[in-house]
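Working through the structure, step by step
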Amino acid sequence: MIKTRFAPSPTGRLHVGNIRIALINWLFAKKHGGHFLLRFDDTDTDRSEKVFEDGIVQDLLWLGLTFDETAYQSRRFDRYEAIRQHLIATGRLYPCYETGEGLALKRKILLSQGKPPLYDRAALSLTPDQKAAFEAEGRQPHWRFLLNHTPIAWHDKGRGPVHFEGQHLSDPVLFRANGVPVYSLASVVDDIDFGISHVIRGEDHVVNTASQIQLCEAIGHAHPTYWHIPLLVDAKGGELSKRLGSLSIASLRDEGFESIAITALLSRLGSSLPIVPMECLDAVLGAFDDTAYSRATPRFDSDELRHLNARILHTMPFDAVKDRLMALVGPDVDEAFWLAVRPNLVFLSDAVGWWTMARGEVTPLVAEDDREFLKNAAATLPPQPWDHNTWGTWTKGLSDTTGRKGKALFLPLRRALTGQDSGPDMPALLPLMTHHQVRDRLLVEKYG
Ligand code: GLU
C-alpha cells in the first residue's frame, strides 16, 4: 500500500514551495490508489500555533488536496519517550552536557583548522562522576544518536544512488535538554508507525536522510523509499525563503488566482512535461507522471502563474464558475455573458467590470468627428432580439452607407458602447446589451 505524508510545522502559512511538495505527495498517493497523511510537526510547542494549523488545512482543502488522516506529533510524546528508552538501552543514544556556546566554539576551531565541523563525541568519554557533577550543577543533558561509522546508501527516487559515510556525519541530537524530541526522531518514528511507504520531501533533507536511515535500523525497521525533490527558486534563481508571505497560498487566493492554476503549474515545474491549462485537479492527477521530474532546479514565476490563470479562465465552462460568478455580479448572470467575456479575463473578478459595462453604466468615449457616424449607427440599429450575427449585419450596412471600413468603422462603435478601446468580441457583447442602452450610448450628449 502506497502511503505518503505532508509534514508541515504549524509555524506559518504554506507557500508555493511547500505546497508543491504537498501536491506531489498527494498526486503520488492518489495515482497509486494510496493514502495521504497530513502530519503536523508540532513538537516545538512554543512556535506552533493553532491558527497556522487551521490555515494549513484551509489552504490544502482550497487546492483540493484532501487528506485521509491527520496526525500531530505533539500528541505522541509518550511514544517518542519509549523509543528514547529503547535507544538508550541498546547503546545508541548518549547524554551530552555541552552548552550551545561550547559547541559553537568547538565548531569555530575546527573550521579555522579547515576541518569539517563534526561533533567530536567528547561526551562519550565522560565518567559517571563528571556526569553527576554536571547534573548537580543543574545541567540537563541533550541526547545524541550514536551513528555507526559505516557506509549509508540508498536509491533515491529523484537522485538515483546516494552514498554517505557515517564517519563524515555528526551524531545528531535527537532529544533536547528539556526532553523534547527533535524533528528527526519524531519524523522517523512516525514514518514507521504510520506505515509511510514513500517520504517525498525537499532536497534540503538529504543529509538528514542519511542519519534517519540508521535510526530506522536502530528502531528495528526498514526505511521507506525516499524521493528528494529540488526546491523551488524564484524567477531570478534566488532562494524562496521557507515562509514567503507574498507567495503564500492565502495571498495568492486573495489576489484572485484559481486553485487549479496553482496546482496545474506546480505539478509541472521541474518536470519535462509542458505547462498547460487544466480544467480541474482530476485532470492534473490523470496527467501526473512521477518519472517526469528532473534534478534541475525549478523556478517559480508569478507572471507564468498569471498567464496560466488567464488561459485556464479562457476555456473554463460556465458551470465551473457559475456560483462564484453569481456571488460576484448577481443572480442574472448567464452563460452568454460568460462566453463573451472569458477571453478577456486574467482573474475571475475582472468579470465584474465587464458586467457593469454590459448591464450598468458606461461613460462612452466619443470623438467629435464620429458624432454623425454614431447617430447613423443608432438610426440603423436592428430591432431586438439580437444574436451573434447582429453585429455583422449592422456594421456591414453602416459600412455600405458611410464608406467606413476597419478601424474607422469598428473602433468608434466599441468606444461608444464600452467606454474602452479594447475588450471582448463585439458580436458576442452586443446581444448582452439592450436596444435602449445601446442607443443611449451612441447618442450620448455629454462625451467622456
Ligand atoms: N517538518 C519538516 C519540514 O517542514 C518535514 C520534513 C519531512 O518531510 O520530513 O521541513
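Everything that follows concerns the structure shown earlier in this document.
A brief report on the enclosed structure follows. What you see is a predicted model; the values in this text were computed from it and never measured.

With that settled, consider the overall build of the chain. Across its full length, the chain holds 19 helices and 12 strands. Relative to its length of 448 residues, the chain is extended, with a C-alpha radius of gyration of 31 Å against a globular reference of 22 Å. For the chain, the spread of C-alpha atoms along the three principal axes comes to 110 × 40 × 40 Å. Counting across all 448 residues of the chain, residues that qualify as buried make up 48%. Looking at the chain alone, contacts between residues at least 24 apart form 75% of all its contacts between residues at least 6 apart. Within the structure as shown, the chain displays about 21000 Å² of accessible surface, and the carbon and sulfur contribution to it stands at 53%. Within the chain, one finds 50 positive and 56 negative side-chain charges whose respective centroids are separated by 3 Å.

Moving on, we come to the pairing of strand 2 (residues 35-40). Across the six residues that make up strand 2, a large majority, five, are buried. Sheet topology note: the strand 1 (residues 3-6)/strand 2 ladder contains four bridges and is parallel. Among the inter-strand pairings, K3 is bridged to a residue of strand 2, identified as H35. In this fold, strand 1 hands off to helix 1 (residues 16-31), which returns the chain to strand 2; that crossover is right-handed. Bridge count for strand 2 against strand 3 (residues 69-72) is four bridges, and the pairing is parallel. Note that in strand 3 the partner of F40 across the bridge is Y72. At this point the chain moves from strand 2, through helix 2 (residues 50-63), to the parallel strand 3, and the crossover so formed is right-handed.

This next bit is on the site of the ligand. Lining the immediate surroundings of the ligand are nine residues, of which R5, A7, D41, Y183 and R201 lie closest. One of the side-chain N or O atoms of Y183 is found 2.5 Å from an oxygen atom in the ligand. Within the complex, the protein chains bury 84% of what would otherwise be the 290 Å² of accessible surface of the ligand.

We now examine helix 14 (residues 351-359). All buried positions along helix 14 are accounted for by A351, W354, W355, M357 and A358. Down the axis of helix 14, the buried set is contained in an arc of 160°. They therefore lie on one face. Buried positions along helix 14 lie against helix 12 (318-329), helix 13 (335-341), helix 17 (406-418), helix 18 (426-429) and helix 19 (435-442).

Attention shifts here to the nonpolar core. Counting 90 residues, the largest nonpolar core has W394 and L442 as its most contacted members. Among the elements that take part in this core, helix 1 stands out by supplying 10 residues, more than any other. Not counting chain neighbours up to four residues away, the residues in contact with W394 comprise A377, T380, L381, P382, L413, L417, L430, V438 and L442. Ranked by size, the runner-up nonpolar core spans 32 residues in total, among them L93, L169, V188 and V206.

Take the sheet that holds strand 5 (residues 142-145) next. Pairing is antiparallel across the open sheet formed by three strands, whose spatial order is 4-5-8. Single-partner strands in this sheet number two, and they are strand 4 (93-96) and strand 8 (173-175). Across the sheet, the mean angle separating the axes of adjacent strands is 45° when strand polarity is ignored. Two elements, strand 4 and strand 5, share four bridges in a ladder whose sense is antiparallel. Note that in strand 5 the partner of L93 across the bridge is F145.

Right, let's talk about the sheet that holds strand 2 for a bit. Note on sheets: strands pair through backbone hydrogen bonds, and any given pair is parallel or antiparallel. Here we have three strands laid out as an open sheet, ordered 1-2-3, and parallel in their pairing. Single-partner strands in this sheet number two, and they are strand 1 and strand 3. Sheet twist, expressed as the average angle between the axes of neighbouring strands with direction ignored, equals 30°. Those strands touched by helix 2 are strand 1, strand 2 and strand 3, and its axis lies near 155° from that of strand 2. The sheet strands contacting helix 6 (residues 183-193) are strand 1 and strand 2, and the helix crosses strand 2 at an angle near 150°.

This next bit is on the packing of aromatic side chains. The relation between two aromatic rings is expressed through the spacing of the ring centres and the mutual angle of the planes. Per the stated rule, a full pass over the model turns up 12 aromatic pairs. When the ring of F77 is compared with that of Y80, the centres are 6.2 Å apart and the planes differ by 85°; the resulting orientation is edge-to-face. You can see F77 and its partner Y80 sitting in helix 3 (residues 77-89), three residues apart, about one turn around the helix. Taking relative accessible area as the criterion, F77 reaches 27% and is therefore assigned partly exposed. A centroid spacing of 5.0 Å and a plane angle of 85° characterise the contact between F257 and F347, whose relative ring orientation is edge-to-face. Taken together, the residues F257 in the loop between helix 8 (249-255) and helix 9 (259-268) and F347 in the loop between helix 13 and helix 14 connect sequence positions 90 residues apart. Its guanidinium or amino end placed over the ring of W227, K157 lies 4.8 Å from that ring's centre, counting from NZ or CZ.

Analysis parameters
Residues numbered from 1 in each chain as written. Predicted model: local features only at pLDDT ≥ 70, side-chain atom pairs only at ≥ 80, totals over all residues. Heavy atoms only, no water. Helix = DSSP H or I, 4+ residues; strand = E, 2+ residues; numbered from the N terminus. Rg over C-alpha atoms; globule rule 2.2 N^0.38 Å. Buried < 20%, exposed > 50% of the residue type's maximum accessible area, 1.4 Å probe, protein only. Contact = heavy atoms within 4.5 Å. Areas by Shrake-Rupley, 256 points an atom, 1.4 Å probe, with all protein chains shown as cover. Lys, Arg positive; Asp, Glu negative; His and termini not counted. Charge placed at Lys NZ, Arg CZ, Asp CG, Glu CD. Pairing = 2+ DSSP bridges. Right-handed = clockwise from strand over helix to strand, strands pointing away. Near = heavy atom within 4 Å. Polar contact = N/O pair within 3.5 Å; in protein donor to acceptor, adjacent residues only side chain to side chain. Arc of directions from axis to C-beta. Core = buried A, V, L, I, M, F, W, Y, C linked by side-chain atoms within 4.5 Å. Axes fitted to C-alpha atoms, helices over the stretch in contact; angles between N-to-C directions. Phe/Tyr/Trp six-rings, centres within 6.5 Å; stacked < 30°, edge-to-face > 60°. Lys NZ or Arg CZ within 6 Å of the ring centre and 35° of its normal.

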